[in-house]
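Take a look at the letters that make up each chain.
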Amino acid sequence: MVFIGGAGNMAGAVIGGMVASGYPADNIVATGRDEQKLKDFCKRTGVHGSTDNLAAIEEADVVVLSVKPQGMKAMCESLAEKVSARKPLVITLAAGIPLAAYQRWLGAGVPIVRAMPNTPALVGTGVTGLYAGDGVTDEHKSVATQMADAVGIALWVEQESGIDQVIAVSGSGPAYYFQFMESMIDAAEKAGMDRADAERLTLQTALGAAKLAVAADVDVAQLKRNVMSPNGTTERAIKRFQEGGLPQLVEQAMGDCAARAAEMANELDK
Ligand SMILES: NC(=O)C1=CN([C@@H]2O[C@H](COP(=O)(O)OP(=O)(O)OC[C@H]3O[C@@H](n4cnc5c(N)ncnc54)[C@H](O)[C@@H]3O)[C@@H](O)[C@H]2O)C=CC1
Ligand SMILES: O=C(O)[C@@H]1CCC=N1
């Protein structure tokens, strides 16, 4: 499996998670432009590295594309001849680029899966949304599912637009929680707590809440109520969130996120 842009944030997290879960590092090649960064990454993970994309994909059955959306067209066009001749399974991790664009850039008939992972893949707790284009076989789907399962949970969506919904929930979602944690840490420090203590308590609370929510047989609304004593401290805090419009704000932010993904598709060079 070859990852183009493999030492970057997203592919690096997927590769790190795959290797940690027991996937043989020897079967992975990461490519990149920054030789030193690639060297460090390969040393850390045990995967092979190459600064030559064309040489790296020479015999690859699976090519994972993980460069920034802005660099995707040029990168695909540089691989097109080889990819359209051999037709490996192409899995792209990019946000905001529709399958039709890859078909233009890589040539028709290449099996392409759009995957939308998230960075917690690095610790085996990722979410990957998947969408299969034309010509993707069950065997291809099982390869993509295997990659996703190795780093967390997978969800296949039936419509390509489903990927934009996945971005709004889980692709970008980790950043929402990081923002919330950052705000809690800042507030606790402002209130007089030592920053390192504030960090330790905030992170453990986030971890505990997520673990409890996953393990519990009641929904998150009930778990929230379980923390709230009538006229107690939590009720006062939650009231402030609700009066301040947090639920509406979350809905708007997620809407903006999905809208940005759709907008990015219109900004592509044809
Ligand atoms: N960061 C995230 O949380 C998520 C990112 N994605 C998608 O993943 C893709 C990569 O994003 P990041 O990892 O955040 O960016 P990044 O900038 O950290 O990684 C991209 C890597 O590609 C390398 N690169 C650039 N052009 C190249 C080329 N022609 N050949 C080989 N390597 C090349 C860069 O040196 C860099 O290491 C984007 O398309 C993004 O939409 C998807 C889900 C989540
Ligand atoms: O912010 C972005 O565009 C990428 C896609 C999902 C998460 N990060």
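Only a predicted model underlies this, so the values are computations on that prediction, with no experimental measurement involved.

Trainee: Tell me about the environment of Thr202, residues and numbers included.
Mentor: Tracing the backbone through its elements, the reader meets Thr202 in helix H9 (residues 195-215). Residue class for Thr202 comes out buried when judged on its relative accessible area of 6%. C-alpha separation for the pair Thr202 and Gly16, spaced 186 residues apart in sequence, amounts to 25 Å. Here Thr202 is in contact with Met181, Met184 and Ile185, once residues within four sequence places are set aside.

Trainee: If you had to explain the sheet that holds strand E7 (residues 126-132) to someone new, which residues and values would you point to?
Mentor: In space, the 8 strands of this open sheet follow the order E3-E2-E1-E4-E5-E6-E7-E8, with mixed pairing throughout. Each having just a single partner strand, strand E3 (48-50) and strand E8 (152-156) make up the two edges of the open sheet. With strand direction ignored, the average angle separating the axes of adjacent strands in the sheet is 25°. Relative to E7, strand E6 (residues 112-116) runs antiparallel, the two sharing 4 bridges. Residue pairing in the sheet places Met116 in a bridge with Gly129 of E7. In the packing of helix H4 (residues 69-86) onto the sheet, the strands contacted are strand E1 (2-4), strand E4 (62-65) and strand E5 (89-92), and the crossing angle to E4 comes to about 170°.

Trainee: I'd like a rundown of the UniProt feature "domain: Pyrroline-5-carboxylate reductase catalytic N-terminal" (unreviewed entry) in the protein chain, residues and numbers included.
Mentor: The sites that UniProt annotates as "domain: Pyrroline-5-carboxylate reductase catalytic N-terminal" (unreviewed entry) are residues 2-95. The span residues 2-95 shows a helical share of 48% and a strand share of 18%, and its end C-alpha atoms are spaced 19 Å apart.

Trainee: Give me the site of ligand 1: which residues, what numbers.
Mentor: Lining the immediate environment of ligand 1, one finds 21 residues, of which Asn9, Met10, Lys37, Asn53 and Val67 sit closest. Within the side chain of Lys37, one N or O atom sits 3.0 Å away from an oxygen atom of ligand 1. A distance of 3.0 Å separates an oxygen atom of ligand 1 from a polar atom in the backbone of Ala95. For ligand 1, whose unbound accessible area comes to 830 Å², protein coverage reaches 81%. Of all the elements in the fold, those that place two or more residues in the shell around ligand 1 are helix H1 (9-20) and H4.

Trainee: Run through the site of ligand 2, naming residues and quoting values.
Mentor: Neighbouring ligand 2 are Ala95, Gly171 and Ser172. For ligand 2, whose unbound accessible area comes to 250 Å², protein coverage reaches 45%.

Trainee: Please provide a residue-by-residue account of the domain arrangement of the protein chain, values included.
Mentor: Along its sequence, the protein chain is organised into domain 1 (2-159) and domain 2 (173-263). Placing the centre of domain 1 and that of domain 2 at their C-alpha centroids yields a distance of 32 Å.

Trainee: Let's hear about the pairing of E6: which residues, and what values?
Mentor: With 5 of 5 residues buried, E6 is to be regarded as a mostly interior element. Burial along E6 is two-sided: Ile112, Arg114 and Met116 and Val113 and Ala115, pointing in opposite directions, are all buried. Both E5 and E6 contribute to a ladder of 3 bridges, which runs parallel. Residue pairing across strands places Ile91 opposite Val113, the latter belonging to E6.

Trainee: So, the pattern of salt bridges: which residues are in play, and what are the values?
Mentor: Taken as a whole and judged by the stated rule, the model has 8 salt bridges. Among the salt bridges present, the one from Lys82 reaches Glu58, with a minimum N-O distance of 3.0 Å. In this pair, Lys82 is assigned in helix H4 and Glu58 in the loop between helix H3 (53-56) and E4, connecting sequence segments 24 residues apart. On the basis of relative accessibility, which here comes to 26%, the residue Lys82 falls in the partly exposed class. Overall, Glu58 belongs to the partly exposed group, its relative accessible area being 39%. Glu77 serves as the salt-bridge partner of Lys73, at 3.5 Å between the closest nitrogen and oxygen. Of the two residues, Lys73 and Glu77 are both situated in helix H4; the distance of 4 residues between them amounts to about one turn of the helix. Residue classification places Glu77 among the partly exposed residues on the basis of a relative accessible area of 41%.

Trainee: Before we move on, can you summarise the environment of Met181 with the specific residues and values?
Mentor: Within the element layout of this structure, Met181 appears in helix H8 (residues 173-190). Residue class for Met181 comes out buried when judged on its relative accessible area of 17%. Leaving out residues up to four positions away in the same chain, Met181 has contacts with Thr202, Leu203 and Ala206.

Trainee: Would you mind going over a nonpolar patch on the surface in detail, with residue names and values included?
Mentor: Together, Phe180, Met184, Phe241, Leu246, Leu249 and Val250 make up an exposed nonpolar region whose accessible area comes to about 480 Å². Of all the secondary structure elements, the ones that give two or more residues to the nonpolar patch are H8 and helix H12 (246-266). Element by element, the count of residues in the nonpolar patch is highest for H12, at 3 residues. Position of Met184 among the secondary structure elements: in helix H8.

Scoring rules and cut-offs
Residues numbered from 1 in each chain as written. Chains lettered and ligands numbered in written order. Predicted model: local features only at pLDDT ≥ 70, side-chain atom pairs only at ≥ 80, totals over all residues. Heavy atoms only, no water. Helix = DSSP H or I, 4+ residues; strand = E, 2+ residues; numbered from the N terminus. Buried < 20%, exposed > 50% of the residue type's maximum accessible area, 1.4 Å probe, protein only. Contact = heavy atoms within 4.5 Å. Pairing = 2+ DSSP bridges. Axes fitted to C-alpha atoms, helices over the stretch in contact; angles between N-to-C directions. UniProt positions renumbered as here; feature names shortened; annotations may be inferred. Near = heavy atom within 4 Å. Polar contact = N/O pair within 3.5 Å; in protein donor to acceptor, adjacent residues only side chain to side chain. Areas by Shrake-Rupley, 256 points an atom, 1.4 Å probe, with all protein chains shown as cover. Domains from an automatic or database assignment. Salt bridge = Lys/Arg side-chain N within 4 Å of Asp/Glu carboxyl O. Patch = residues over 30% accessible without salt bridge, like charges linked within 9 Å, V, L, I, M, F, W, Y side chains within 5 Å.

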